[in-house]
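Listed here are the chains, written in short residue letters.
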Amino acid sequence: MRIAVPEPIEQVVANLLRLANTKLPMDVGWALEAAAGWERNPVATTQLGCIMDNVKKAEFMGRPMCQDTGTPVFFVSGRFDHTIAESIRKGVAIATSSIPLRPNAVDPLTRENTGDNVGVGFPSIHYEPSDGDLRIDLLVKGAGSENMTRLAMLNPSGGRKAVEDFVYGAVVSARGNPCPPTVVGVGIGGTADDCVRMSKEALAVPLDADNPDGELAGMEESLFVRLNSSGLGPMGLGGDTTVLGVRIKKAHCHTASLPVAVSLGCWATRRASATIDGDGVATYGQGGSF
Amino acid sequence: MLELPLSEADARSLRVGETVYLSGEIITARDRAHARILERVALGERLPDHFYGAAVFHCGPIVAGSDGNWLVMAAGPTTSSRMDAVQAPVIEALGLRAVIGKGGMSADVGKTMESVGCVYLAATGGAAVTLAESVNHVIGVDWADLGMAEAVWRFRVSRFGPLIVAMDAHGNSLYADVERGLK
Ligand code: SF4
């Protein structure tokens, strides 16, 4: 989608929130359709049918597809300056009242709600400056799935097998809590904090994009098959569909470390992105090549 | 299709794995409503009639509009295990016949369901629009002071579901079955 007039960044951000919350990315939708095709468990088929019905109604009615409109997580890249954070925060506040979104930002101890989804470090914003056009990627992260995030500092001698076993255990032990079928984001390497960040970035990678790293692509494939053979199923009620896809990123790490992080995206893996050209005109997308 | 309110015999007739849809009146209750129910019961107070024998939905809905003119925008289930510690006494005090939520509840809650005659119905997590669409009418709201998400909403629903009988009144649990089958 392209609106050929310049828009202020806060408006672009509000548009991204509306797009992500009301319309499931096409690649995630197709993954659900494919799962409904192969699923043999009748309870699981009912769950997938209900999810797809819900997605269609939400898009048609322009309503958020889930009542938990989550924590907005932004990845900002390209050319930007010091004003970007304030513009994003303004956009979040605008969207909270106009869509509306559920106000989710609370003080961690007093639990007092700020009322507009803006607070200290909320929304979450990551920066990666480069020489290209400004690009803002949004991931809407619900609490049910975020609460199941796992990090392990493994023994490097465990190698690939230990990594895969940890990912498998993280997904299966989460049971129905992250609203499976999930998208599994995995970070391998880096420092502990970078590892978790990579696992979240991995959730922003479309399911139909090939992993450029052959070994990681192989791990994605084998984990996908193994997880869908686990029997956990949609909502943890049993079945052949536990995950919609596995996305892995890696970075170099210290010779004595092997960090692995798992972030789960619920079936409602909501994302949207905008590229803003030099004239301030935004082009919107949701990833995926469909 | 089941008509509410459920009798004890209705609840006991359901078996794990069955899909049901509900029509009639349900009430919502989350963490704080459960806590308040127990406080009031401990003081010997009588709660509103529609709390007794009810179908309770673990849900913090998004409701637009104002008194008498409500519109339910989103009404998906919340994680039931947060209510694990308080659910059994609430089922006993109110004689609940159905608890609706996501993710299932503890074995202790299952035992109470067996003795009282109550079932746990799993709603599809995140299916907020589909479920909200089957709410025909908001009958009223109790304890609005708890805020929109935590208040006790009375919904008149038709064809509310699909819901899966995930814990029945005979000690069976679909979650326990899945657990045993995990590879
Ligand atoms: S885990 Fe996702 S789909 Fe489930 S309730 Fe939370 S945001 Fe909604």
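Relevant structure appears above.
Residues numbered from 1 in each chain as written. Chains lettered and ligands numbered in written order. Predicted model: local features only at pLDDT ≥ 70, side-chain atom pairs only at ≥ 80, totals over all residues. Heavy atoms only, no water.

> How should I be thinking about the overall build of chain A in this particular structure?
Tallying secondary structure elements over chain A gives eight helices and nine strands in all. Counting only C-alpha atoms and orienting by the principal axes, one finds that chain A spans roughly 50 × 50 × 45 Å. Within the span of chain A, comprising 290 residues, buried residues form 51% of the whole. If you sum the accessible surface of chain A, you get close to 12,000 Å²; carbon and sulfur atoms cover 57% of it. Treating the 26 positive side-chain charges of chain A as one cloud and the 32 negative ones as another, the clouds have centres 5 Å apart. (Helix = DSSP H or I, 4+ residues; strand = E, 2+ residues; numbered from the N terminus. Buried < 20%, exposed > 50% of the residue type's maximum accessible area, 1.4 Å probe, protein only. Areas by Shrake-Rupley, 256 points an atom, 1.4 Å probe, with all protein chains shown as cover. Lys, Arg positive; Asp, Glu negative; His and termini not counted. Charge placed at Lys NZ, Arg CZ, Asp CG, Glu CD.)

> Help me understand the side chain of Ser273 of chain A, please; the structure alone is not making it clear to me.
All names here are of chain A. As for its position among the elements, Ser273 is in strand β8 (residues 270-276). We classify Ser273 as buried; its relative accessible area is 10%. What Ser273 contacts, discounting residues up to four positions off in sequence, is Leu16, Arg135, Ile136, Asp137, Thr283, Tyr284 and Gly285. (Contact = heavy atoms within 4.5 Å.)

> Hey, could you run me through the interface of chain A and chain B in this one?
The extent of an interface is frequently quoted as the accessible surface area lost upon association of the parts. Contacts between chain A and chain B engage 30 residues on the former and 32 residues on the latter. Across the chain A/chain B interface, buried area totals approximately 2,600 Å², and carbon plus sulfur atoms make up 59% of it. In terms of surface lost to chain B, no three residues of chain A exceed Arg63, Gln67 and Leu237 of chain A, which account for 25% of the buried area on that side. Counting across the chain A and chain B interface gives one salt bridge. A salt bridge links Glu179 of chain B to Arg175 of chain A; the shortest N-O distance between them is 2.3 Å. Where chain A packs against chain B, one counts eleven residue pairs in polar contact (both at pLDDT 80 or more). Residue assignment for the side of chain A that touches chain B shows that the elements contributing at least two residues are α3 (42-61) and α6 (159-173) of chain A. Top element by residues in the side of chain A that touches chain B is α3 of chain A. It accounts for ten residues. (Buried area = accessible area lost by both parts, 1.4 Å probe. Salt bridge = Lys/Arg side-chain N within 4 Å of Asp/Glu carboxyl O. Polar contact = N/O pair within 3.5 Å; in protein donor to acceptor, adjacent residues only side chain to side chain.)

> Would you mind showing me how to read the pairing of strand β7 (residues 258-265) of chain A here?
Remark: a regular strand shows side chains that alternate across the two faces of the sheet. Residues and elements named next belong to chain A. Counting buried residues along β7, eight of its eight residues qualify, which places the element largely inside the surrounding structure. Residues of β7 alternate between two faces, with Leu258, Val260, Val262 and Leu264 on one and Pro259, Ala261, Ser263 and Gly265 on the opposite face, all of them buried. With five bridges joining them, strand β4 (residues 150-154) and β7 adopt antiparallel strand pairing. When the sheet's bridge partners are listed, Leu154 is paired in β7 with Leu258. Examined bridge by bridge, strand β5 (residues 182-189) and β7 share six bridges and lie antiparallel to one another. Bridge pairing in β7 links Val184 to Leu264. (Pairing = 2+ DSSP bridges.)

> Any chance you could explain the site of the ligand here in plain terms?
Within the structure, the ligand sits among Cys66, Asp68, Gly142, Gly144, Ser145, Pro178, Cys179, Cys266, Trp267 and Arg270 of chain A together with Lys102 and Gly126 of chain B. In this structure the ligand sits where residues from chains A and B come together. Class assignment for the residues of the shell around the ligand results in five nonpolar, four polar and three charged. (Near = heavy atom within 4 Å. Nonpolar A, V, L, I, M, F, W, Y, C, P; charged D, E, K, R; others polar.)

> Quick question: what am I supposed to make of the packing of aromatic side chains here?
Residue and element names in this part refer to chain A. All told, the structure shown has six aromatic pairs over all chains when counted by the stated rule. Between Trp38 and Phe224 the ring centres are 6.3 Å apart and the planes differ by 90°, which places this aromatic pair in the edge-to-face class. Of the two residues, Trp38 is situated in helix α2 (residues 26-38) and Phe224 in helix α8 (residues 214-228); the sequence distance between them amounts to 186 residues. Since its relative accessible area comes to 22%, Phe224 is described here as partly exposed. Taken together, a centroid distance of 5.8 Å and an interplanar angle of 40° make the contact between Phe80 and Tyr127 tilted. (Phe/Tyr/Trp six-rings, centres within 6.5 Å; stacked < 30°, edge-to-face > 60°.)

> Before we go on, may I ask you to explain the nonpolar core in this structure?
Buried together is how nonpolar side chains tend to be arranged in soluble globular proteins. Ranked by size, the top nonpolar core spans 54 residues in total, and within it Leu237 of chain A together with Leu96 and Tyr120 of chain B carry the most contacts. For this core, the element with the highest residue contribution is α3 of chain A, accounting for six residues. Ala55, Val72, Ala75 and Leu121 of chain B belong to the second largest nonpolar core, which has 29 residues in total. (Core = buried A, V, L, I, M, F, W, Y, C linked by side-chain atoms within 4.5 Å.)

> Is there a simple way to think about the sheet that holds strand β1 (residues 71-78) of chain A in this case?
Through backbone hydrogen bonds, the strands of a sheet pair up, either in parallel or in antiparallel fashion. Residue and element names in this part refer to chain A. As summarised here, the arrangement of the five strands in space is β2-β1-β3-β8-β9, forming an open sheet in which the pairing is mixed. Both outer strands of the open sheet, β2 (124-129) and β9 (282-285), are each paired with one neighbouring strand and no more. Each neighbouring strand pair of the sheet contributes to a mean axis angle of 15°, computed without reference to strand direction. Where strand β3 (residues 134-141) meets β8, seven bridges bridge the pair, whose relative direction is antiparallel. Bridging across to β8, Val140 finds its partner in Arg270. Relative to β1, helix α4 (residues 84-98) is tilted by about 145°, and along the sheet it contacts β1, β2 and β3. Against the sheet, helix α7 (residues 192-203) touches β1, β2, β3 and β8, its axis set at about 95° to β3. (Axes fitted to C-alpha atoms, helices over the stretch in contact; angles between N-to-C directions.)

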